[in-house]
Amino acid sequence: MPLKEQIEDISISDRITSTTYSYYENFLDFLPQLALGLSIITLGVLIASFLGRITTSSVIHRTKDPLMSRFLGKAIRFVFIIIFAMLALKAAGLGDISAGILATAGAGAVVLGFAFKDIGQNFIAGVILSFNRPFDVNDTVEIGTNFGRIKALEFRYTKLKTFDGKDVYIPNSDVITQPVTNYTEDGFYRWDFVVGVDYDDDIQEAKQSIMDALNADPKVVTDKDHVSYVVEDELATSTVNLKVYFWVDTLDFGRVANTTRGRVIGNVKRALMRKGFYLPADIQEIKLYGRDSELPLSLQDKRFK
């Protein structure tokens, strides 16, 4: 091999060795800063978690509102983690990276705004709901087509547990924009059902029998603001339909309110039958047209020949 080529190979090898050794020395010099940055971010996570728990406990102690307290606790924790992450990058000598991140976020705010529009909407809606909302935890609500109990309010969604066991996660922006029906805000709900009696029966006596059955049930709420009553609803084909209105406690809507309704319907049916009221089924009218002159019906019991 020519001498010139040998010299060039030695020179390239020396440069590689020198560069590698330089990187190694720089890495050793960077280790203390890296350890300091990791220590700051670890300490920051611990402090943020502690402040989040303190915020949650203090807010729930003052407001008795678990949804708001949990939401604010998580928000405080998230903000402090971001702050300590920026401080850790600065302490590690990576301040240019943190500044670049902020600059990039500012420059790309419009693009990010479109890309994460839904996330931003849901977060802002969550902030609004944490301070001003139409429900509390364990309230029975109907949001759009979803019906169940409120279980949690998160940054992006509201968690609802349906009475058939489904976990429904509703975006907070939908909770803000859709009608929300709260069944337990004041603790009362009015049920109704229809019962039909015969045209020959005494309507007033039937209504009194129904009211007696309602008043005998301890779960039917009766006071000056919640009055049970019965009214004539319809003159149907074969019955006079009476509509029964009564109030129940809805703090346990899924079990107590529904079982009370079922029990009241059964009690009303038994009370009317004890009084001798006839509860007829619908009457069907059969007409013959054209040349038909006989009904193809038979009352013969074919079990016996």
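About the cut-offs
- Each chain carries its own residue numbering, running from 1 in the written order of its sequence.
- Where local features are concerned, this predicted model is filtered to residues with pLDDT of at least 70; where side-chain atom pairs are given and counted, the filter is 80 or more; whole-chain, interface and lining totals use all residues.
- Just so you know, side-chain values use all the structure's heavy atoms and leave hydrogens and water out.
- Salt bridge, as used here, is a side-chain nitrogen of Lys or Arg placed within 4 Å of a carboxyl oxygen of Asp or Glu.
- Relative accessible area decides the class of each residue, using a 1.4 Å probe on protein chains only: under 20% of the type maximum gives buried, over 50% gives exposed, and in between gives partly exposed.
- Secondary structure elements are taken from DSSP: a helix is a run of H or I of four residues or more, a strand is a run of E of two residues or more, and numbering for both begins at the N terminus.
- Any two residues whose heavy atoms approach within 4.5 Å at even a single point are treated as in contact.
- Residues with no salt bridge and a relative accessible area higher than 30% make up the patches, which join like charges within 9 Å and nonpolar side chains (Val, Leu, Ile, Met, Phe, Trp, Tyr) within 5 Å.
- Each accessible area value is a Shrake-Rupley result obtained with a 1.4 Å probe; residue values ignore everything except the protein chains displayed when judging cover.
- The charge count treats Lys and Arg as positive and Asp and Glu as negative. His and the chain ends do not count.
- We put the charge of a Lys on NZ, of an Arg on CZ, of an Asp on CG and of a Glu on CD.
- Centres within 6.5 Å make a pair out of two Phe, Tyr or Trp rings, where for Trp the six-membered ring is used; the pair is then stacked when the planes are under 30 degrees apart, edge-to-face when over 60, and tilted otherwise.
- Only buried residues count toward a nonpolar core, which is a set of Ala, Val, Leu, Ile, Met, Phe, Trp, Tyr and Cys residues joined through side-chain atoms within 4.5 Å.
- We call two N or O atoms a polar contact when they sit within 3.5 Å, provided that within protein one can donate a hydrogen and the other can accept it, with sequence-adjacent residues counted only if both atoms are side-chain atoms.

Caption draft 1: Highlighting the pattern of salt bridges. Per the stated rule, a full pass over the model turns up four salt bridges. When the shortest N-O distance is used, the salt bridge between Lys161 and Asp167 registers 3.1 Å. For Lys161, a relative accessible area of 30% puts it in the partly exposed group. By relative accessible area, Asp167 is classed as partly exposed at 37%. Two residues, Asp217 and Arg263, come together in a salt bridge whose shortest N-O distance is 2.8 Å. In this pair, Asp217 is assigned in the loop between helix 7 (203-216) and strand 7 (220-221) and Arg263 in helix 8 (residues 253-274), connecting sequence segments 46 residues apart. The buried category is assigned to Asp217, whose relative accessible area is 5%.

Caption draft 2: Region of interest: the environment of Val220. Assignment of secondary structure puts Val220 in strand 7. The class for Val220 is buried, based on a relative accessible area of 8%. Val220 sits 28 residues away from Val248 along the chain, and the two C-alpha atoms are 5.2 Å apart. When residues no more than four places from it in sequence are discounted, the contact partners of Val220 are Leu214, Ser228, Phe246, Trp247, Thr260 and Val264.

Caption draft 3: Region of the structure containing a positive patch on the surface. Taken together, the side chains of Lys269, Arg270, Arg274 and Lys275 present a region of like positive charge at the surface. Locating Lys269 in the fold gives a position in helix 8. On the basis of relative accessibility, which here comes to 43%, the residue Lys269 falls in the partly exposed class.

Caption draft 4: Up close: the packing of aromatic side chains. For the structure on display, the rule yields 12 aromatic pairs. Ring plane angle 85 degrees and centroid distance 4.9 Å describe the contact between Tyr157 and Tyr169, whose orientation is recorded as edge-to-face. Of this pair, Tyr157 sits in strand 3 (residues 157-162) while Tyr169 sits in strand 4 (residues 167-171), and the two are 12 residues apart along the sequence. Judged by its relative accessible area of 26%, Tyr157 is partly exposed.

Caption draft 5: The arrangement of the nonpolar core in detail. If you look at the biggest cluster of nonpolar residues, it comprises 25 residues, and the most contacted ones within it are Ile210, Leu242, Val244, Phe246 and Leu272. Elements supplying a minimum of two residues to this core: strand 6 (188-197), helix 7, strand 9 (240-249) and helix 8. In this structure Leu272 touches Val195, Val197, Ala206, Ser209, Ile210, Phe277 and Leu279, once residues within four positions along its chain are discounted. Residues Leu129, Phe135, Val168 and Val175 belong to the second largest nonpolar core, which totals 11 residues.

Caption draft 6: Quick look at unusual backbone geometry. Phi at Asn138 is positive, roughly 70 degrees, even though this residue is not glycine. Tracing the backbone through its elements, the reader meets Asn138 in the loop between helix 5 (117-131) and strand 1 (140-143).

Caption draft 7: Examining a nonpolar patch on the surface more closely. On the surface, Phe78, Val79, Ile82, Ile83 and Leu87 cluster together into a nonpolar patch covering about 450 Å² of accessible area. Structurally, the position occupied by Ile83 is in helix 2 (residues 66-91). Here Ile83 falls in the partly exposed class, since its relative accessible area comes to 42%.

Caption draft 8: Quick look at the environment of Leu214. Structurally, Leu214 is set in helix 7. Sequence separation between Leu214 and Ile265 is 51 residues; the distance between their C-alpha atoms is 9.3 Å. Excluding its chain neighbours within four sequence positions, the residues that come into contact with Leu214 are Val220, Ser228, Val244, Tyr245, Phe246 and Val264.

Caption draft 9: The side chain of Asn172, seen in detail. Inspection of the secondary structure puts Asn172 in helix 6 (residues 172-177). A distance of 3.1 Å separates a polar side-chain atom of Asn172 from the backbone oxygen of Glu154. Within polar-contact distance, the side chain of Asn172 engages the side chain of Thr158 at 2.8 Å. Discounting residues that sit within four places of it in the chain, Asn172 has contacts with Asn122, Ala125, Gly126, Leu129, Leu153, Glu154, Phe155, Arg156, Tyr157 and Thr158.

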